[in-house]
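Coordinates in review
Below, each chain spelled out in residue letters.
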Amino acid sequence: MQSVLITGADRGLGLSLCKEFLNRGWHVFAGKFMEDYSLLENLQCENSNLHILRIDMSSAESISTAAKNCGELDMLISNAALMEKANDSEAAWRSFNVNALGPVRLTEAFLPLMQNGLKRLCYVSSEVSCINLMKNRHPDSFPYPMSKAAMNMAIRLMHNELYQKGYTFRLFHPGWMKFREKDGTLAEEGKYDPDFIGKIAAKYFETPLRDEHRLVMTDFNGYEWPF
């Protein structure tokens, strides 16, 4: 049975990815951060192939501890992110710490568990990480776009090193998804159901590509985005 680690699994796309990979027969290690959400625990009651790990993406110690409690992996999906509404340097640092440095910490900690598997590294990004596309955009909160652009660069650098060692990469833009409430219902705001995007993302993450040497950011429609 193949195994996957999915961070940010409390709700939204992360939770939907957990459900989708369980349906596909995978063993799922789910990264939990939000104490006030129990959707992941409810899913665990339905499927014994789900194992919950406490992961704080801002903490190297938390990530290291989670890695020690995880088995061998075929795939890593870095999905957890922080969306700051504040527009100041402190907010920018918090976003950078989670969204840019977090995936680097995660990859470094879990890479030793991936030596014998599929060696697939997947990262959820965003359209706001595309620097060229932001020139005519209304100046909303800047910490999230800046941190996601930095994450893309980190992944480019990791790809340069790890592709030649047999690792393959996926960089995914999921679109504007509806927010999932604590009771499991979806908010009105947003365009796509996370479960719909989760099915598309899981297939994209799992399926081999003819041009694995290329690092591209692909959205849920299969379109490539500049970054």
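Right above here is the structure, for reference.
Residues numbered from 1 in each chain as written. Predicted model: local features only at pLDDT ≥ 70, side-chain atom pairs only at ≥ 80, totals over all residues. Heavy atoms only, no water.

A look at the overall build of the protein chain
- Along the backbone of the protein chain there are six helices and eight strands.
- Written out in order from the N terminus, the α and β elements of the protein chain read β-α-β-α-β-α-β-α-β-α-β-α-β-β.
- Computed over the C-alpha atoms, the radius of gyration of the protein chain is 16 Å, within 12% of the 17 Å expected from 2.2 N^0.38 for a compact globule of 227 residues.
- Reported as C-alpha extents along the three principal axes, the dimensions of the protein chain are approximately 45 × 45 × 35 Å.
- Per-residue burial over the protein chain gives 50% buried out of 227 residues. (Helix = DSSP H or I, 4+ residues; strand = E, 2+ residues; numbered from the N terminus. Rg over C-alpha atoms; globule rule 2.2 N^0.38 Å. Buried < 20%, exposed > 50% of the residue type's maximum accessible area, 1.4 Å probe, protein only.)

Some words on the pattern of salt bridges
- Counting across every chain of the model gives 16 salt bridges.
- One salt bridge connects K182 with D36, and the closest N-O pair in it is separated by 3.2 Å. Of this pair, K182 sits in the loop between strand 6 (168-173) and helix 6 (194-206) while D36 is found in the loop between strand 2 (27-32) and helix 2 (39-46), placing the two residues 146 residues apart along the sequence.
- We classify K182 as partly exposed; its relative accessible area is 47%.
- Among the salt bridges present, the one from K165 reaches E161, with a minimum N-O distance of 3.5 Å.
- According to the relative accessible area criterion, K165 is partly exposed, its value standing at 47%.
- Each of K19, R180, D193 and D195 takes part in one network of salt bridges that share partners. (Salt bridge = Lys/Arg side-chain N within 4 Å of Asp/Glu carboxyl O.)

Focus on helix 3 (residues 60-68)
- Looking at helix 3, one finds that the buried residues are S62, I63, A66 and A67. Looking straight down helix 3, one finds that the buried residues subtend no more than 135° of arc, so they occupy a single side. Opposite its buried face, helix 3 presents the exposed residues E61 and K68, each directed more than 90 degrees away.
- Taken together, the buried residues of helix 3 touch strand 3 (50-54) and helix 4 (89-110). (Arc of directions from axis to C-beta. Contact = heavy atoms within 4.5 Å.)

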